[in-house]
Amino acid sequence: MKRAPIVLILVTVLAAVLLAGCSSGGGWAARVDGATISERQLQDDLRAVRTNARYWAAVTQQQGSTGPATSVPAAFTARWLTNEIYNRIVAGSRVGRAAKVTPVDVQQAEAQLAQNTPGWSGFPASFRQRLARANALATKVEGAVTDSNLEPSQSELEAFFRRNAATICPSGRVVSHILVATEAEAQAIEEQLRTGGDFAAIAAARSTDTQSGAQGGSLGCLGAQQFVPEFQTAADALTPGQTSAPVKTQYGWHVIRVEAATYAALRSAVQGAYQQVVSTRFQRWVQGTVRRADVSVNPRYGTWRRAGGSYQVVPPQAPTPPNRPSPAPTGSTGGTGLPLTGGAGR
């Protein structure tokens, strides 16, 4: 089962990024439980992402204009620094210190990041290794604090469904359909089913709703007021195991079937529900751990406080421009950006 990114997802990136390690030199960007995140590390990290053309193009596509090539927006910097602070707190926790990360764990984490992060191969190898190891560590911690298998077997998912069936599918019924353009086609399918035709196979071969057709016609758990009235009325009238006569809606003609809710019929929903339970449990642990941490942030980068339901670095506000603004001095970013200085060395 594919897992969602963990701990913190940057709104301007397409993969979870957890940074680890520290470069020496320069001032401090943040302090976490007595340990320092240096400005040099932050500058080096930001330079790595800002100079990766494919990666930054994805950021720009989501954010719009991100300013000159020599700077990084303050909001992005705050997000990145927040990520690093979270990483330090999780890694420094009792569970984080006890976690054992193997080379295989790192390889798996890097494969996931490579799949989800544009321009991944364009980052320096040492940078990629740090991100992958940090992500692998966070995965280990997540499994430990939630007491959950993050890659559950089918038997584990089936047991989870049995315990949570009423929440996953309150109606206890799953609805499927085959959609065609004409009544004659729907009647022919109805007859084919009456003589023993396989509903899922016919849906895959003939339904014009190709998305559900690829799932054997399944539309998932039957809920109240979920579909257009004609479809909803017909589906609600069916008991598990029954198939409707052709039903006309604005989309065409449907042959509808209702079955009892089972793990096999709701496999994708069960996986999603399992993942959500684990993620919610982990996020509660993370926020509790973060709340107890001693964190301070260099005012140049913002302030550390609870905002939007979680602790984060809130970037400094841009100064109010005067009535007649003067040109920005050479090297300035105009107030909110962070100029990039120094080399890229580690």
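Residues numbered from 1 in each chain as written. Predicted model: local features only at pLDDT ≥ 70, side-chain atom pairs only at ≥ 80, totals over all residues. Heavy atoms only, no water.

**Here we look at the overall build of the protein**
For step 1, the next point in the chain: A count of helical and extended segments in the protein gives 12 helices and 11 strands.
For step 2, the next point in the chain: A total of 346 residues make up the protein; the buried ones form 45% of that total.
For step 3, the next point in the chain: Pairs at least 24 apart in sequence give 67% of the contacts found in the protein among residues at least 6 apart.
For step 4, the next point in the chain: Per element, the accessible surface of the protein, about 17600 Å² overall, is 52% carbon and sulfur. (Helix = DSSP H or I, 4+ residues; strand = E, 2+ residues; numbered from the N terminus. Buried < 20%, exposed > 50% of the residue type's maximum accessible area, 1.4 Å probe, protein only. Contact = heavy atoms within 4.5 Å. Areas by Shrake-Rupley, 256 points an atom, 1.4 Å probe, with all protein chains shown as cover.)

**Observations concerning the state of the cysteines**
For step 1, the next point in the chain: Using the criterion set out here, one finds one disulfide in the structure.
For step 2, the next point in the chain: Between the sulfur atoms of Cys169 and its disulfide partner Cys221 the distance amounts to 2.1 Å. As the torsion about the S-S bond is roughly 85°, the Cys169-Cys221 disulfide counts as right-handed. With a gap of 52 residues between them, Cys169 in the loop between α7 (154-168) and β4 (173-180) and Cys221 in strand β5 (residues 218-221) connect regions that are remote in the sequence.
For step 3, the next point in the chain: Residue Cys221 is classed as buried on the basis of its relative accessible area of 17%. (Disulfide = S-S within 2.5 Å.)

**A short note on the environment of Leu238**
For step 1, the next point in the chain: Mapped onto the elements, Leu238 comes out in the loop between α11 (229-236) and β6 (247-249).
For step 2, the next point in the chain: The class of Leu238 is buried, set by a relative accessible area of 9%.
For step 3, the next point in the chain: Along the chain, Leu238 and Val258 lie 20 residues apart, while their C-alpha atoms are 6.3 Å from each other.
For step 4, the next point in the chain: Beyond its immediate chain neighbours, meaning those up to four positions away, Leu238 contacts Arg173, Thr243, Ser244, Ile256, Arg257 and Val258.

**Points about the sheet that holds strand β8 (residues 295-297)**
For step 1, the next point in the chain: With respect to topology, three strands assemble into an open sheet ordered β2-β1-β8, the strand pairing being antiparallel. A single partner strand is all that each edge strand has here, and the edge strands are β2 (35-38) and β8. Here the average twist between neighbouring strands, direction ignored, is 20°.
For step 2, the next point in the chain: Where strand β1 (residues 28-32) and β2 come together, four bridges link them in antiparallel fashion. Note on β2: the bridge partner recorded for Trp28 is Ser38.
For step 3, the next point in the chain: Where helix α1 (residues 39-50) meets the sheet, its contacts fall on β1 and β2, and the angle it forms with β2 comes to roughly 40°.
For step 4, the next point in the chain: Along the sheet, helix α3 (residues 74-92) makes contact with β1, β2 and β8, crossing β1 at roughly 30°. (Pairing = 2+ DSSP bridges. Axes fitted to C-alpha atoms, helices over the stretch in contact; angles between N-to-C directions.)

**A look at the confidence of the model for the protein**
For step 1, the next point in the chain: Looking at the protein as a whole, its pLDDT mean stands at 84, while 82% of the residues score no less than 70.
For step 2, the next point in the chain: Here residues 1-25 is modelled with pLDDT under 50, and outside its nearest four sequence neighbours on either side it reaches 93 contacts, counting other chains as well.
For step 3, the next point in the chain: This stretch, residues 324-346, has a pLDDT under 50; its non-local contacts, to residues over four places away or in other chains, come to 48 contacts. (pLDDT = per-residue confidence, 0-100.)

**Looking at helix α8 (residues 183-194)**
For step 1, the next point in the chain: Spanning 12 residues, α8 covers 16 Å between terminal C-alpha atoms, matching the ideal 16 Å at 1.5 Å per step.
For step 2, the next point in the chain: Looking only at α8, the buried set comprises Ala186, Ile189 and Leu193. Angular distribution of buried residues about the axis of α8 spans 60°; they occupy a single face of the element. In α8, the exposed residues that point more than 90 degrees away from the buried face are Ala184 and Arg194. (Expected span 1.5 Å × (residues − 1). Arc of directions from axis to C-beta.)

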